[in-house]
Amino acid sequence: MPVKVILCRCEDVTLADLEHAVSLGYTHIEEAKRYTGLGTGPCQGKECLVPTCLYLAKATGERPEEIRPFTARPPIAPVALGTLAGATGGGGEDQGGQAPRGKESAS
């Protein structure tokens, strides 16, 4: 029975997924991120960056310390957690008391 090695728990990216990406020529950390989705979850790569860099270094012959971390891209403007979670109050308002975009408040 094959063993499933998970590199990115947030996005369920496995070692097999990364190996496949590398076999297609995606050997740069940014390419691997875009192809597999690793590092795009809630932890933003805090869990998967190191093992990914170690694998890419081994696959390409680069030294691990030469592989730069992928670019973090936080939201342009602050976003309330309730908005991200889709939480709504009784009147269609988020927990901050504001109507979600595209919905008018009845009050």
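Use the structure listed above.
Throughout what follows, the structure given in this document is the object of discussion. Just so it is clear, the structure is predicted and the values come from calculations on it, not from any experiment. (Residues numbered from 1 in each chain as written. Predicted model: local features only at pLDDT ≥ 70, side-chain atom pairs only at ≥ 80, totals over all residues. Heavy atoms only, no water.)

**Thoughts on the overall build of the chain**
Convention followed: Secondary structure counts use DSSP, requiring at least four H or I residues in a row for a helix and at least two E residues in a row for a strand, with both numbered from the N terminus. Partly exposed describes any residue whose relative accessible area lies between the buried limit of under 20% and the exposed limit of over 50%, with all areas from a 1.4 Å probe on protein chains only and scaled to the type maximum. Only heavy atoms matter for contacts: two residues are in contact if any of them lie within 4.5 Å across the pair. All accessible areas in this document rest on Shrake-Rupley with a 1.4 Å probe, and a residue is counted as covered only by the protein chains that are shown.
Scanning the chain from terminus to terminus reveals 4 helices and 2 strands. When the elements of the chain are put in sequence order from the N terminus, they spell out β-β-α-α-α-α. Counting all 107 residues of the chain, 26% fall into the buried class. Of the contacts made within the chain by residues no fewer than 6 positions apart, 47% connect residues no fewer than 24 positions apart. With an accessible surface of roughly 7800 Å², the chain has 55% of that area assigned to carbon and sulfur atoms.

**Quick look at the pattern of salt bridges**
This is how it is decided: We define a salt bridge as a contact between a side-chain nitrogen of Lys or Arg and a carboxyl oxygen of Asp or Glu at a distance within 4 Å.
Per the stated rule, a full pass over the model turns up 5 salt bridges. We note a salt bridge from Arg 34 to Glu 30, for which the minimum N-O separation is 3.1 Å. Note that Arg 34 and Glu 30 are positioned in helix α2 (residues 29-36) at a spacing of 4 residues, about one turn of the helix. Relative accessible area serves as the criterion here: at 56%, Arg 34 is assigned to the exposed category. Exposure remark for Glu 30: the relative accessible area of 12% places this residue in the buried category. The salt bridge partner of Glu 65 is Arg 63, with a shortest N-O separation of 2.7 Å. Here Glu 65 falls in the exposed class, since its relative accessible area comes to 58%. Accessibility expressed as a relative area gives 48% for Arg 63, which makes it partly exposed.

**Looking at unusual backbone geometry**
A positive phi angle is found at Asp 12, which is not glycine, with a value near 55 degrees. Residue placement: Asp 12 occurs in the loop between β1 (6-8) and β2 (13-14). Phi is positive for Gln 44, which is not a glycine, with a value near 55 degrees. For Gln 44, the position within the fold is in the loop between α2 and α3 (49-60). On the accessibility criterion, Gln 44 (35% relative accessible area) is partly exposed.

**Observations concerning the nonpolar core**
Basically, it comes down to this: Throughout, nonpolar core names a set of buried Ala, Val, Leu, Ile, Met, Phe, Trp, Tyr and Cys residues whose side chains join them through atoms within 4.5 Å.
Judged by nonpolar contacts, the single largest core of 15 residues is most densely connected at Leu 18, Ile 29, Leu 38, Leu 56 and Ile 67. Among the elements of the structure, β1, α1 (15-23), α2 and α3 are those that each provide at least two residues to this core. Here this core gets 4 residues from one element, more than from any other, and that element is α3. When near neighbours in sequence (up to four residues on either side) are disregarded, Leu 18 contacts Leu 7, Ala 32, Thr 36, Leu 38, Thr 52, Tyr 55 and Leu 56.

**Observations regarding the side chain of Thr 14**
Considering the arrangement of structural elements, one finds Thr 14 in strand β2. Setting aside anything within four residues of it in sequence, one finds Thr 14 in contact with Lys 4, Val 5, Ile 6 and Leu 7.

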